[in-house]
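The primary structure of each chain is shown beneath.
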Amino acid sequence: MHSPLTVTVVIPVLDDADQLAACLASLAGQTRRPDEVVVVDNGSSDGSAAVARASGATVLHEPLRGIGAAASHGYDAARGAVIARVDSDSVLPADWIARGTAWFADPLVTAVTGPGHFRGLGTGAGRFWDVAYMRAYFTLMTGALGRPPLFGSNMFMRRTAWLAIRHRVHRRDPMVHDDVDLSIQFDPTWRTVLDTGLVASVSGTPVQDPWGLVVRTRKAARTFWVSGMRAFSPARIMRRALVGTRPVPVVRRAAPHRAPQPSDAVPVQR
């Protein structure tokens, strides 16, 4: 049974045309098709924007470099009741949208996320990084936050949740991990589901770059630092214990951030 909720998929991209094409093809093959696909071009010099247009996606342009700025621009523009987010190197199984959105039948579920499986590394290296990176991320971040974190390559959230916290995210800081930032800004009383069977295939290239891993670690540390007390786990756990789990409140008016301009969108006739 298809979810009655409309779904917008947001994909930030920078110079990744080939992998973006594979990502968009996997979305086109979904058993439950997205209602809208928004690709946010972050200043690509290759054919990424053209690939997105050819697929029928709406293309937005974010001049401020940084995945946080690009992703936030896409979330602002999204019209679906559920916002799904993947990266340009994500390749999704055919039931990804159907499985992810099914969780939202529970009104207390605010977000759903799943792990990634690194491709292109070989069997041994793939297994190692699945444990040393992917499982470590979810284990450590769950301990730090008191609930599962979001994984930017494979996540869904209610649009109402984004509207409630969009004024708090550090979208203009390129040294902030945008998915960790989202996870911290979510109210501790909102429920995030980690579905370990909701698996996206992601490129193994990032874990093959030692310096890139150092940068990612620094970004995580900075994200916690700039978030202050919102990232303080005992306070988060205490709030959940006192308040319990509750649904996202409806925000009647969006926060005063830059709204997407008409000139940003390049709609394509389907």
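Structural data are supplied above this passage.
Residues numbered from 1 in each chain as written. Predicted model: local features only at pLDDT ≥ 70, side-chain atom pairs only at ≥ 80, totals over all residues. Heavy atoms only, no water.

Undergrad: In this structure, what is going on with the layout of surface pockets? I would like to understand it.
TA: Empty space left among the atoms is revealed by rolling a probe the size of a water molecule over them. In this structure, the largest pocket encloses a volume near 1300 Å³. Looking at the largest pocket, it is lined by 41 residues, and the ones nearest its centre are D87, Y133, H177, P206 and R216. Contributing elements (two or more residues each) for the lining of the largest pocket: β1 (7–13), α5 (123–145), α7 (178–185), β9 (200–203) and α8 (210–227). The residue makeup of the lining of the largest pocket, split by class, is 21 nonpolar, 11 polar and 9 charged. (1 Å grid on protein atoms, 1.4 Å probe; cavity = no way out; pocket = protein on both sides within 12 Å on 5 of 7 lines; lining within 4 Å. Points joined across faces, edges and corners; volume = space filled by probe spheres on them. Helix = DSSP H or I, 4+ residues; strand = E, 2+ residues; numbered from the N terminus. Nonpolar A, V, L, I, M, F, W, Y, C, P; charged D, E, K, R; others polar.)

Undergrad: Explain the side chain of Q30 here, please?
TA: On the secondary structure map, Q30 appears in the loop between α1 (17–28) and β2 (36–41). Q30 gets classed as buried once you look at its relative accessible area, which sits at 5%. At 3.1 Å, the side chain of Q30 forms a polar contact with the backbone nitrogen of W96. At 3.0 Å, the side chain of Q30 and the backbone nitrogen of I97 are in polar contact. If we ignore the near neighbours within four places in the chain, the residues touching Q30 are L92, P93, A94, D95, W96 and I97. (Buried < 20%, exposed > 50% of the residue type's maximum accessible area, 1.4 Å probe, protein only. Polar contact = N/O pair within 3.5 Å; in protein donor to acceptor, adjacent residues only side chain to side chain. Contact = heavy atoms within 4.5 Å.)

Undergrad: How do you make sense of empty space enclosed by the protein when you look at a structure like this?
TA: Across all of its chains, the model carries 1 cavity of 30 Å³ or more by this definition. If you add up the space inside the largest cavity, you get close to 70 Å³. Lining the largest cavity, in full, are G68, A71, S72, Y75, W162, V169, H170, R171, D178, D181 and L182. Secondary structure elements with two or more residues in the lining of the largest cavity: α3 (67–77) and α7. Looking at which element gives the most residues to the lining of the largest cavity, the answer is α3, with 4 residues.

Undergrad: What should I look at first to understand the pairing of β1 in this one?
TA: For a regular strand, side chains alternate in direction, first toward one face of the sheet and then toward the other. The buried fraction of β1 amounts to 7 of the 7 residues, a majority that puts the element mostly inside the structure. The side-chain alternation of β1 yields two buried faces, one formed by V7, V9, I11 and V13 and the other by T8, V10 and P12. Direction of pairing for β1 relative to strand β4 (residues 82–85): parallel, over a ladder of 4 bridges. For V7, the partnering residue across the bridge sits in β4 and is V82. (Pairing = 2+ DSSP bridges.)

Undergrad: Sorry, what's going on with the environment of A144 here?
TA: Along the chain, A144 turns up in helix α5. With a relative accessible area of 25%, A144 lands in the partly exposed category. Ignoring any residue separated from it by four or fewer positions in sequence, one finds A144 in contact with F224, A231 and S233.

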